[in-house]
Amino acid sequence: MVSEGLIVMESTGSPRPQGSEVVTRFAPSPTGYLHIGGARTALFNWLYARGRGGKFLLRIEDTDRERSTPEATAAILRGLTWLGLDWDGEPISQFARRDRHAEVAYQMLARGAAYKCFSTQEEIEAYREQARAEGRSTLFQSPWRDADPASHPDAPFVIRMRAPRDGETLVQDAVQGSVTFRNDQLDDMVCLRSDGTPTYMLAVVVDDHDMGVTHVIRGDDHLNNAARQTMVYQAMGWPVPVWAHIPLIHGPDGKKLSKRHGAVGLEEYQAMGYPAAGMRNYLARLGWSHGDDEFFTDAQAKAWFDLGQIGRAPARLDFKKLESVSGQHIAATEDAALLHETEAFLAAAGRPALSPGQREGLSQALYCLKDRAKTFPELIEKAHFVLASRPIEPDPAAAKSLDLVSRGILAELTPQLQSASWDRETLEGIVAQVAEAHGMGLGKIAGPLRAALAGRTVSPSVFDMMLVLGRAETLARLGDTAGPA
RNA sequence: GGCCCGUUCGUCUAUCGGUUAGGACACCAGGUUUUCAACCUGGGAAGAGGGGUUCGACUCCCCUACGGGCUGCCA
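First, a word on scope: everything that follows refers to the structure included in this document. These figures come from a predicted structure and were not determined experimentally.

Description of the pairing of strand S6 (residues 168-173)
Part 1 of the reasoning: Only one face of S6 is buried, namely the one carrying Thr-169, Val-171 and Asp-173, since none of Glu-168, Leu-170 and Gln-172 on the opposite face is buried.
Part 2 of the reasoning: Judged from the six bridges that link them, S6 and strand S7 (residues 177-182) form a sheet pairing that is antiparallel. Looking at S7, one finds that Val-171 is bridged to Val-179.
Part 3 of the reasoning: Turn length for the S6-S7 hairpin, with the two strands adjacent in sequence and antiparallel, is three residues.

Side note on the pattern of salt bridges
Any two side chains of opposite charge can pair, on the condition that their charged atoms come close.
Part 1 of the reasoning: All told, the structure shown has 34 salt bridges when counted by the stated rule.
Part 2 of the reasoning: A salt bridge links Lys-55 to Glu-21; the shortest N-O distance between them is 3.6 Å. Of this pair, Lys-55 sits in strand S2 (residues 55-60) while Glu-21 sits in the segment before strand S1 (23-26), placing them 34 residues apart in sequence.
Part 3 of the reasoning: A relative accessible area of 35% means that Lys-55 is categorised as partly exposed.
Part 4 of the reasoning: We note a salt bridge from Glu-61 to Arg-59, for which the minimum N-O separation is 2.9 Å.
Part 5 of the reasoning: Accessibility expressed as a relative area gives 8% for Glu-61, which makes it buried.

Quick look at the sheet that holds strand S8 (residues 190-192)
Part 1 of the reasoning: Judged by pairing direction, the sheet is antiparallel, and its three strands sit side by side in the order S4-S5-S8 without closing on themselves. The open sheet terminates on both sides in strands that have one partner only, identified here as strand S4 (114-117) and S8. Direction aside, neighbouring strands of the sheet carry axes that sit 45 degrees apart on average.
Part 2 of the reasoning: Bridging between strand S5 (residues 158-161) and S8 involves two bridges; their strand directions are antiparallel. Bridging from a neighbouring strand, Arg-160 pairs with Val-190 of S8.

What about helix H6 (residues 223-236)?
Part 1 of the reasoning: With 14 residues, H6 extends 20 Å from end C-alpha to end C-alpha; this agrees with the ideal 20 Å at 1.5 Å per step.
Part 2 of the reasoning: The element H6 is largely enclosed, with a buried count of 12 among its 14 residues.
Part 3 of the reasoning: For H6, the full list of buried residues reads Leu-223, Asn-225, Ala-226, Ala-227, Arg-228, Gln-229, Thr-230, Met-231, Val-232, Tyr-233, Ala-235 and Met-236.
Part 4 of the reasoning: Gly-237 lies just past H6 and shows a positive phi near 75 degrees.

Focus: the protein's contact with RNA strand B
Part 1 of the reasoning: As a structural note, the neighbourhood of RNA strand B is formed by 62 residues, with Ser-29, Arg-193, Gly-287, Arg-372 and Ser-459 the closest of them.
Part 2 of the reasoning: Across the atoms of RNA strand B situated within 4 Å of the protein, the share located in sugar and phosphate is 67%.
Part 3 of the reasoning: With respect to RNA strand B, the side chain of Thr-63 contributes an N or O atom lying 3.0 Å from a phosphate oxygen.
Part 4 of the reasoning: Gln-176 is positioned such that a nitrogen or oxygen atom in its side chain is 3.1 Å from a sugar or linking oxygen of RNA strand B.
Part 5 of the reasoning: Looking at the surface near RNA strand B residue by residue, the classes come out as 18 nonpolar, 20 polar and 24 charged.

Digging into the sheet that holds S1
Part 1 of the reasoning: The parallel open sheet is built from three strands, whose spatial order is S1-S2-S3. Edge positions in the open sheet fall to S1 and strand S3 (92-93), since each of these has one partner strand only.
Part 2 of the reasoning: Alignment of S1 against S2, held across four bridges, turns out to be parallel. Pairing of Phe-26 across the sheet is with Leu-58, part of S2.

Points about the packing of aromatic side chains
Part 1 of the reasoning: The tally for this structure, following the rule as stated, stands at 11 aromatic pairs.
Part 2 of the reasoning: Relative to Trp-243, the ring of Tyr-233 has its centre 6.1 Å away and its plane inclined at 75 degrees; by these criteria the two rings are edge-to-face. Linking Tyr-233 in helix H6 with Trp-243 in strand S10 (residues 242-246), this pair joins segments that are 10 residues apart in sequence.
Part 3 of the reasoning: Overall, the relative accessible area of 1% leaves Tyr-233 in the buried class.
Part 4 of the reasoning: Aromatic pair Trp-288 and Phe-305: ring centres 5.3 Å apart, planes at 45 degrees, arrangement tilted. Within this pair, whereas Trp-288 is found in the loop between helix H8 (276-285) and helix H9 (298-304), its partner Phe-305 is found in the loop between H9 and strand S12 (315-316), the two being separated by 17 residues in sequence.

What to know about the side chain of Arg-456
Part 1 of the reasoning: Counting through the fold element by element, Arg-456 comes out in the loop between helix H18 (442-454) and helix H19 (462-482).
Part 2 of the reasoning: Of the polar contacts made by the side chain of Arg-456, one reaches the side chain of His-384; its length is 3.3 Å.
Part 3 of the reasoning: Contact partners of Arg-456, with chain neighbours within four places excluded, come to Glu-381, His-384, Asp-395, Ala-398, Arg-450 and Ala-451.

The rules behind each value
- Residues numbered from 1 in each chain as written.
- Chains lettered and ligands numbered in written order.
- Predicted model: local features only at pLDDT ≥ 70, side-chain atom pairs only at ≥ 80, totals over all residues.
- Heavy atoms only, no water.
- Buried < 20%, exposed > 50% of the residue type's maximum accessible area, 1.4 Å probe, protein only.
- Helix = DSSP H or I, 4+ residues; strand = E, 2+ residues; numbered from the N terminus.
- Pairing = 2+ DSSP bridges.
- Salt bridge = Lys/Arg side-chain N within 4 Å of Asp/Glu carboxyl O.
- Axes fitted to C-alpha atoms, helices over the stretch in contact; angles between N-to-C directions.
- Expected span 1.5 Å × (residues − 1).
- Near = heavy atom within 4 Å.
- Polar contact = N/O pair within 3.5 Å; in protein donor to acceptor, adjacent residues only side chain to side chain.
- Nonpolar A, V, L, I, M, F, W, Y, C, P; charged D, E, K, R; others polar.
- Phe/Tyr/Trp six-rings, centres within 6.5 Å; stacked < 30°, edge-to-face > 60°.
- Contact = heavy atoms within 4.5 Å.

Structure follows, in structure tokens:
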């Protein structure tokens, strides 16, 4: 699924008919890791398209040559892949399509929808400076907007949109509702820079149009841009897509999510051991709802997801809830799949891989492990009894329960296990008997037993451990502990 | 400064003019219990503030406060 190769899309000069198929896209800038907020945006686009039999495309907005890196692109694709968001076709490089963007800019010029502006950046800065000083709008009003082409100097120029100055532009947003902007609040944005490269504002529109994108689902920091982009669509006579501007995700303190909140990159969540399914569920639920449903499968999410149910207020990240949802997904995952995911986590986290024996043991133990773990590290910690090999070294807490008396009891228990039928009922009966003989409850004997078998004070049920370990290993571990006493 | 968006329990949210404002996570108390987890029962916990409209507002309108976004030859 992951391909590092970006292709250039074939450009179609004419408007494409709006089909009934839904086409969404995720368009990240490759300037770093995949942001958790971006991941959610991608998820929403994916859910919307996949739930409707549509297409989910990927476009890398790499027109900022200063900040774009192939490493970042790779990281983003890796993140999406881990999250389980598969995209259709090859990722498209926006930069590679610059000729097409320029072509459209000149078409706009030819149509009179744009004009050449020879103002230098210094002149513009001076204009703004003065406007600010005079308390006027700082929107730049180019003197070249209505200039006679005959007066054009032989100098570098940018191509600006000839935006309407009267009336207003309506953005019909599936999430935000109808939002109108007065046209005099919008300036003549630059479409083509003086070096001939396209600006984002032009490139998005051209690409979304050429890619046949029907629904633009993105962060609400683009809501204002939608108005200006609408003008480009109108200037070119292209159908305007359905807009859906979703609120950003904030940190637990309600402030914009940033590095100081800890985990911002999706890969950090992967490293912390959250299962991808839990991540999808949690992220989908963040800002979107389907009644009171909290835990759901991908199939349900795809069937239920809709733009109208997306909230308009920014949501905060809540790790406790993420954990809870993740735990439910781990518990609901089939053993075989869970084993694979656990191994993938180990690899991603740079931890040692499982030996064949550990692998086998873990797969036997998952049934009694998955209900008690919220993350993979927790699962692995609780699987210590099956991952460790003799002699079991008890940790300090476990060692405490292995005093002389306890060892004596274990020594007494061991021979009785020798000939026992190895099933839960029998084992429980024997252990209960021994406990009773000493006038103690099961709890008193379970502690030392747990310590001897797992070397930990936290593990699955002692009976589950005995069943998973088998008679020989159980007796051997008990012998290791009880013997020297 | 201008324009735009937002504001229901601590958090995520339900409600789309009439509910004792519901659920989930978290929290507290109790229960079950071989640890952890899970599970069961119960509990506290919300409509930013102020004006309207209406028989009736969380819901519609206005103002204020607070938060966020845009205002680039960044995306």
